[in-house]
Amino acid sequence: MAVLRNRTEKAIHWLFLGIATVSIGILVLIMFFLFHEGLPIFKTVTVQEFVLGHYWYPTDDPSDFGILPLIVASLFVTLLSAMISIPLGVMTAVYLSEIASRKVAEIVKPVVELLAALPSVVIGFFGMVLVGPFLQKTFGIPIGLNLFNASLMLAFMSVPTICSIAEDALYSVPDSLREASLALGATELETIVKVIVPAGLSGISTAIILGMSRAIGETMVVLMVAGGAAMLPGSIFDPVRPMPASIASEMAEAPFRGEHYHALFAIGIVLFLFTMAFNLVADQIAQRYRQSGEASL
Amino acid sequence: MLRKAGLFFTALAFLCLGSGAAFAERLSINGSTTVLPAAQKLAEAFMKVRPDVTVSVAGGGSGNGIKAIVDGTTHVGNSSRFIRNSEVRMAVEKDTYPVPFRIGLDCIVPVVHPDNPVKDLSLDQLRDMYTGKIRNWKEVGGRDMRVVVISRDSSSGTFESWGDLVMNKQRVVPSALTVPSNGGLVQAVTTTPGAIGYIALGYVNKDVKMVSVDGVMGSEENTISGRYPISRPLFMFTRGWPEGVTLDFINFVFSKKGQEEVKASGSIPVY
């Protein structure tokens, strides 16, 4: 009997090891492919020209492969959407886990999570047809498809991610902390601000970074509502062209293994490095604020 | 005896079926997304006439269509532009000779918001708008309103034709909005009062206003007669002079029925 159990244990061990190896292997292959297809562009332009160049005219003769406007656009869109979505997401999470009655939370949480399930093309269409013209009229601007519109739509997409992960983090803060704080005479608000949120900070920051990763890599929305102009924006109402939008709109017609094709993969590499940096930062923060027991506050 | 004959015929029938499947011919078409709708309609109609042929159609851009012909990976390569010198050189190096067939025409028309009073623009004015020299509709006889330049993505065939026919090889201003499809462009122009954009004639609808160019309105007649300046031929390329099924298909394209299909797809037939 013991032998059999031992065998089963071993089999399960190897099965999981195998599955994990396969998924890591696939990731490595994707990375290899990305670099293999992207790096040849640097035979044509230097890394500096590519990353700091101001003009993106990939199909002209002679062509220009400067992606600075695309990088700046991606960063600004992500930052602005983070500025909108972080307060909304975190505060909703606090409300749901600490303030709302059980009944309200039971209704609101699934609704927020349902928002995450909205296909991005629907959100893009919404931004294009309703929000764009609305912004034009409200602010008296000539173009409704711009940085601000894209940030709004991306914020709309990252709020559910941020909210539901942050809510889980807050929910798992041990009740003893709440009780101790209240027993010491702290008000509800003081308990939330000074005890619960700091205790859940590791989870909350992971939530924020994941929300931002989603925003920087999101393609459909920025393709539809950012305006697609490859220039450095002068205001938040200028049209911009984030990196994923360029890849998505141009890849279909870039001749296979031509300069343009390699350049688009090189943009993919830059995007990959950005997302990796985000994840490393998230990991660092999660490590630093890790809550080990109740004594470490 | 009868049984034997029956068996014989059954065997024969199976043989026919088997050989029918084995000899079912394949024809692959690849290339320009502008030619794609016409190619799809033509392929469907051709398969009705010739059920023994399976036609597969894919769109990957004009450059890919011609490259596929040179590499021999497709039978028919679609292109919304003529073959380039560099591509001819590539073909010669590989010992092939791509043969062009002009299967239809396409005309590109400038469109503005329906409320815009401007009716006509010259080619020079269009170019100046797209290079950013003209920034206000006032300068071309319109209202005091900023010109919002909307363009197609740099890799679209329509963008390339616009570059050849209007821009005179000058660059479109970086602040131009770019949209990945004809439909998206219509949408953007509809919602932007100061917008100017350009689309294939087949995509014009009541939400946008067509502007005439140098006094000539974009239309089928004006394109066939050559009076309308922003038009271009659509091509199908074959690897050498077509033979067999490929030749049958090309012949079908130029038949009355084939040209009707070209027209139904929104392009302009050659006759």
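Since the model is a prediction, treat every value here as computed from it, not as a measurement.

Cut-offs used in this document
- Residues numbered from 1 in each chain as written.
- Chains lettered and ligands numbered in written order.
- Predicted model: local features only at pLDDT ≥ 70, side-chain atom pairs only at ≥ 80, totals over all residues.
- Heavy atoms only, no water.
- Helix = DSSP H or I, 4+ residues; strand = E, 2+ residues; numbered from the N terminus.
- Contact = heavy atoms within 4.5 Å.
- Areas by Shrake-Rupley, 256 points an atom, 1.4 Å probe, with all protein chains shown as cover.
- UniProt positions renumbered as here; feature names shortened; annotations may be inferred.
- Domains from an automatic or database assignment.
- Buried area = accessible area lost by both parts, 1.4 Å probe.
- Salt bridge = Lys/Arg side-chain N within 4 Å of Asp/Glu carboxyl O.
- Polar contact = N/O pair within 3.5 Å; in protein donor to acceptor, adjacent residues only side chain to side chain.
- Pairing = 2+ DSSP bridges.
- Right-handed = clockwise from strand over helix to strand, strands pointing away.
- Buried < 20%, exposed > 50% of the residue type's maximum accessible area, 1.4 Å probe, protein only.
- Core = buried A, V, L, I, M, F, W, Y, C linked by side-chain atoms within 4.5 Å.

Q: What's the story with the overall build of chain A in this structure? I'm lost.
A: Secondary structure assignment for chain A yields 12 helices and two strands. Mapped from its N terminus to its C terminus, chain A presents α and β elements in the order α-α-β-β-α-α-α-α-α-α-α-α-α-α. Put simply, 72% of the contacts in chain A that link residues at least 6 apart link residues at least 24 apart. When the accessible surface of chain A is totalled, it reaches about 15,700 Å², and 71% of it is carbon and sulfur.

Q: Where do I start with the UniProt feature "transmembrane region" (unreviewed entry) in chain A in this structure?
A: Residues and elements named next belong to chain A. The feature "transmembrane region" (unreviewed entry), as annotated in UniProt, sits at residues 12-35, 70-96, 116-135, 147-171, 219-237 and 261-282 in this numbering. As a span, residues 116-135 carries 85% helix and 0% strand, and end to end its C-alpha atoms are 24 Å apart. In residues 261-282, the share of helix is 100% and the share of strand is 0%. The end C-alpha atoms are 32 Å apart.

Q: How should the domain arrangement of chain B be read in this particular structure?
A: By a widely used convention, the size of an interface equals the accessible area lost when the partners come together. All names here are of chain B. One can read the domain layout of chain B as domain 1 (26-105 + 233-265) and domain 2 (106-231). A straight line from the C-alpha centre of domain 1 to that of domain 2 covers 28 Å. Listed as interface residues are eight residues of domain 1 and, on the opposing side, nine residues of domain 2. Of the roughly 640 Å² buried between domain 1 and domain 2, counting both surfaces, carbon and sulfur atoms make up 45%. The closest approach of N and O atoms between arginine 84 and glutamate 160, which form a salt bridge, is 2.8 Å. The interface formed by domain 1 and domain 2 includes three residue pairs in polar contact (both at pLDDT 80 or more).

Q: Even after reading the chapter, I still don't get the pairing of strand β1 (residues 25-31) of chain B, so can you show me in this structure?
A: Remark: a regular strand shows side chains that alternate across the two faces of the sheet. All names here are of chain B. As defined by bridge partners, β1 adjoins strand β2 (residues 53-57) across five bridges and the pair is classed as parallel. Within β2, the residue paired with leucine 27 across the bridge is valine 55. Note on the crossover from β1 through helix α2 (residues 36-49) to β2: the handedness is right-handed.

Q: So what exactly am I meant to see when it comes to the pattern of salt bridges here?
A: Note that side chains of opposite charge can pair when their charged atoms are close. All told, the structure shown has 24 salt bridges over all chains when counted by the stated rule. With its nearest N and O atoms 3.5 Å apart, the salt bridge here joins lysine 67 of chain B to aspartate 71 of chain B. You can see lysine 67 of chain B and its partner aspartate 71 of chain B sitting in helix α3 (residues 62-71), four residues apart, about one turn around the helix. The class for lysine 67 of chain B is partly exposed, based on a relative accessible area of 27%. Its salt-bridge partner being aspartate 71 of chain B, residue lysine 94 of chain B comes within 2.8 Å of it at the nearest N-O pair. Pair noted here: lysine 94 of chain B is in the loop between α4 (85-93) and β4 (98-112) and aspartate 71 of chain B is in helix α3, with a separation of 23 residues, a long-range link. A relative accessible area of 47% places lysine 94 of chain B in the partly exposed class. Using a relative accessible area of 34% as the deciding quantity, one classes aspartate 71 of chain B as partly exposed. Overlapping salt bridges, with partners in common, bring together Lys109, Glu113, Glu167 and Asp168 of chain A in one network.

Q: Would you take a moment to explain unusual backbone geometry for this structure?
A: All names here are of chain B. A positive phi angle, close to 70°, is found at lysine 169, a residue other than glycine. Secondary-structure assignment places lysine 169 in the loop between α6 (157-167) and β7 (177-179). In this structure, aspartate 214 takes a positive phi of about 50° despite not being glycine. As for its position among the elements, aspartate 214 is in the loop between β10 (212-213) and α8 (220-224). The class of aspartate 214 is partly exposed, set by a relative accessible area of 44%.

Q: Looking at this structure, how should I read the nonpolar core?
A: Grouped together as the largest cluster of nonpolar side chains are 70 residues, with contacts concentrated most on Met129, Tyr130, Trp137, Ile150, Trp162, Ile196 and Ile230 of chain B. Setting aside anything within four residues of it in sequence, one finds isoleucine 150 of chain B in contact with Tyr130, Leu177, Val179, Leu185, Ala188, Val189, Ala195, Ile196, Gly197 and Tyr198 of chain B. Counting 26 residues, the second largest nonpolar core, distinct from the first, contains Ala100, Ala207, Phe278 and Ala282 of chain A.

Q: I tried to follow the side chain of glutamate 37 of chain A on my own but got confused; where do I start?
A: All names here are of chain A. In this fold, glutamate 37 is placed in helix α1 (residues 2-38). Taking the relative accessible area as the measure of exposure, glutamate 37 reaches 1% and is therefore buried. A polar atom in the side chain of glutamate 37 sits 2.9 Å from the side chain of arginine 257. With sequence-adjacent residues up to four places away left out, glutamate 37 is seen in contact with Arg257, Tyr261, His262 and Phe265.

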